[in-house]
Amino acid sequence: MVKVNLDEIVSRLLDAEEVELEKVSITAEELTFNLRQAEAKLLEKKRIKFEPPIRQYKGKIAEVQLGATKAEGGSRKKVVKLGGQASLYHFEGGRKNKPVVAFDVFDMPMQSFPRVLRDIWSEVWDDPGEWAKKAVKLGTELITIHLISTDPFIKDTPPREAAKTIEEVLQAVDVPLIIGGSGNPQKDPLVFEKVAEAAEGEMLLLASANLDLDHKRIVDAANKYRHNVLSFTSMNITDQQALNKLLRDEGLPKERLVQDPTTGALGYGLDYTYSIIERLKQNALNGDDILQNPIFCGVTNAWAAREAWMDEPAWGPREYRGPLWETITAVTVLNAGADGMMMLHPEAVRATKEIIDSMSGELRAQEIKYENWLSEV
Amino acid sequence: MAKISPLQIYRLLPGTNCRECGETTCMAFASALIERKKIYEDCTQLKEKKYAEQREKLIELTTPPIKEVVIGAGEKTAAIGGEEVMYRHELTYFNPTAFFLDVHDEMSEKELNERLERIKKFNVTRIGQKLSLNGIAVRSKSNDAAKFGEAVLNVVEKCNLPLVICSLNPELLEVGLEIAAKKRPLIYAATKEKWNEVAKLALKYSCPVVASSPGDMQVLIDLVQNLLGKGIRDIVLDIGSYPKGEKFYEMTENLAMLRRLAIENEVKVLGFPILGVPCVIWMDEKEPVKGAMAEATFAAVQMLRFCDMLILHSLDIWALLPLLTLRQNIYSDPRVPVSVQAGLNTIGKPDENSPLLFTSNFALTYYTVAGDLESSKISCYVLVVDTGGLAVEASMAGSKLTAEGIKRALEETKASEKVKHKKLIIPGRAARISGEIEDATGWEVMVGPVDSSKIGAYLKEKWR
């Protein structure tokens, strides 16, 4: 005879669909069974079985490495890999590399920043090295240095001096760097040439080659000194295809090309950006070779929206509104398929990274019991 | 998407080119049907008996893969779903995600009334569009029938917005439905435990119902099959809302699978709108600013992952504004041209001494600038330069906005005949090319503010 206590019987009953008791005697004064109601049983027809809708894709996004370690001919402690995915969603096989965030750093004080950002960065903005250090401390995998002072209409900093700035930043931090130009089409190629030479082998991302400048010079410099190039167009898929092709024809290897179709701020063109990124990703995976490159987005553009920075009581405090505006811009391009994002506000970066980690299934967090929300909110 | 061609539809039409629908040919009507600019009822001949079979086929063919569910009755309703495509660039999205705000039965009458007032009065206008909240979700927090009934009654009396009646207890649901049935609320929710009782309520009160299966896709399918089997047609899907961690990951994947199965794989049992509940953030976040930020971010993710309605908690304008703006963006019609016509426009009643400004022909830039100028009450000329439909900064980067282009625009519009002076106010964002503009045009350039919200103050100070 086996003796079992009542608790054990009850716990077995909870798990079982059917329980058969044979030759048992129960000694108890009263015995109550509270059986749960039977769960959903099909009433009619065949049960439709759930199957994940997995697609086969013809294409694959090139994997691009930013930064190089000592062993690889650079001096970075860690490198960043972008892209490499062969499907649209995780359930189809996963994205190879997690999207990354790069803090923006400038080579001069940015008096034009919105107040919310000035308050955060002004203490370090006289020194790009210090600015970079603070950015890395606040937690991004890489940073962008915008050599904005090289613009002939701003400070006209000579290329040689800009290269020195980059050398200083390379000394100050050990993460991979993205190099932003000033946007002046005559000057940028000259600046990139000098920077590329000074940082030989560091696998920088030169940002950017555009249709309206001498992109061949940038490609040549990138090839000669082993760097990557950002192919930047303004919200136009045909232009993106054309520029990617030009750069490739000029000798830039596919795995050294990152693309940026321009990020419009939330409320100011983000809808175009959203659909263009979705189309870029889908066309690439469906086999368009010339678009099979990771996508980097200038999420910082979110701050161009007046709703992000303007002191307007009717819209609530801008200290909260600004970072949230940037976060939601980031989340939007991320969902469309961005592989990397340039950003500016630490809180927006933190929130975005949390979403990235959650979306890639890496974040372990205390989970809620959703069923209880009616009583627990 | 039901990838239908106009030809497939054309074959089912009378083919008489009668023009009664307003289109010149049946083929044109077929295209209009696909773009949802017309509905099948617009074809008068199709109503004739001899076309009955074709008509049925046509309805089948043109019914969107995501059923449209209407919550509410009478003056204010919320239509959700009705989508044809998975990605907006494939056509357009139709019904913007509906935002429902939660209230519960443990609020005092005063609290409840105040909250209802705030929800009703909430109103922001952005680029000419009113952005508003769409409904109220009344939930039973107390699990007490009397309290819940009172709360529902209060909401029904004070507010004409569409409702969701929320409880997992069918008895409580019935209390709420008895009061609110006339408003055709959405019932939350039929679960695997109590779906049968809830299905009876949905039929008795003819209301749409949420099928809720947190984290389990197979159970969700089973539930919907059961509800359909009972004859329920208006269903909303709930796969659970998880703001963080591994379950968040599962949720985002499940949401993508749900929509792909429904639209691309044509699994009809999943062809229903999806509910997201971002307010679950507040289950373990009590700090108001952090919570509102997290809720808005989570809501954005759910909206981008195809959720057709959301239940939200925070009423902070700074948190709702970005969310409403995102909805405005994502649900804008990508087929509508994004640019306005280039040329010389007037604000107010300008004369030969009035200022002349230029801006891009990107619709959003133009309407923003025009709105700011109008509210400044200063009469002026606005030269709309063809920038290829791009904003000022983007168009300069892509060389779509150049000094030469501005010169051409000045000449083509004969601007110098409209004003006596030769001063051109340019956007602050075009300051970089101010010298080039002066050289090319021979006009004196005045660099205006970077953001046009400052244009009124700028003109008052600088223009005389």
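See the structure shown above.
Here we summarise the structure given alongside this text. The model shown is predicted, which means the values in this text are computed figures rather than measured ones.

## As for the overall build of chain B
For chain B, the count of helices and strands is 17 helices and 17 strands. The principal-axis extent of the C-alpha atoms belonging to chain B is close to 80 × 65 × 40 Å. Within chain B, the fraction of its 464 residues that count as buried is 50%. Sequence-distant contacts in chain B: of pairs separated by 6 or more residues, those separated by 24 or more amount to 64%.

## Considerations on the packing of helix 14 (residues 403–412) of chain B against helix 16 (residues 434–441) of chain B
All names here are of chain B. Taken N-terminus to C-terminus, the directions of helix 14 and helix 16 make an angle of 45 degrees; their axes are 8 Å apart at the nearest point. One finds that helix 14 runs oblique with respect to helix 16. Here the hand of the crossing between helix 14 and helix 16 comes out right-handed. Counting all contacts with helix 14, which are made through A403, E404, I406, K407 and L410, the residues of helix 16 involved are E436, I437, D439, A440 and T441. Considering only residue class, the contact of helix 14 with helix 16 consists of five nonpolar, one polar and four charged.

## Comments concerning the interface of chain B and chain A
Taken together, the contact between chain B and chain A spans 81 residues of the former and 68 residues of the latter. At the level of secondary structure, the elements contributing two or more residues to the side of chain B that touches chain A comprise helix 8 (217–229), helix 9 (245–263), helix 10 (288–304), helix 11 (317–330) and helix 13 (392–397) of chain B. The leading source of residues in the side of chain B that touches chain A is helix 9 of chain B, at 11 residues. The residue inventory of the side of chain B that touches chain A, partitioned by class, reads 41 nonpolar, 21 polar and 19 charged.

## What about the environment of M283 of chain B?
With respect to the secondary-structure elements, M283 of chain B resides in the loop between strand 11 (275–276) and helix 10. Those residues in contact with M283 of chain B that lie beyond four places of it in its chain are I368, W373, E376 and V377 of chain A.

## Remarks on the pairing of strand 2 (residues 78–81) of chain B
All names here are of chain B. Note: strand 1 (residues 68–71) against strand 2, four bridges, orientation antiparallel. Counted as the bridge partner of V70 is A79 from strand 2. Connecting strand 1 to the antiparallel partner strand 2 that follows it, the hairpin turn spans six residues, and G72 within it adopts a positive phi of roughly 95 degrees.

## Focus on unusual backbone geometry
In terms of backbone geometry, most residues other than glycine have negative phi values and most peptide bonds are trans. Look at the link from A207 of chain A to S208 of chain A: it is a cis peptide, with omega at 20 degrees. Positionally, S208 of chain A belongs in strand 6 (residues 205–209). Not every positive phi belongs to a glycine, and E266 of chain B is a case in point at roughly 50 degrees. By the element assignment, E266 of chain B lies in the loop between helix 9 and strand 11. Accessibility expressed as a C-beta count within 10 Å gives 12 for E266 of chain B, which makes it exposed.

So, how was this worked out
Residues numbered from 1 in each chain as written. Chains lettered and ligands numbered in written order. Predicted model: local features only at pLDDT ≥ 70, side-chain atom pairs only at ≥ 80, totals over all residues. Helix = DSSP H or I, 4+ residues; strand = E, 2+ residues; numbered from the N terminus. Buried ≥ 20, exposed ≤ 12 C-beta atoms within 10 Å, placed from the backbone. Contact = placed C-beta atoms within 7 Å. Axes fitted to C-alpha atoms, helices over the stretch in contact; angles between N-to-C directions. Parallel < 35°, antiparallel > 145°, perpendicular 65-115°, else oblique. Left-handed = near helix turned anticlockwise from the far one by under 90°. Nonpolar A, V, L, I, M, F, W, Y, C, P; charged D, E, K, R; others polar. Pairing = 2+ DSSP bridges.

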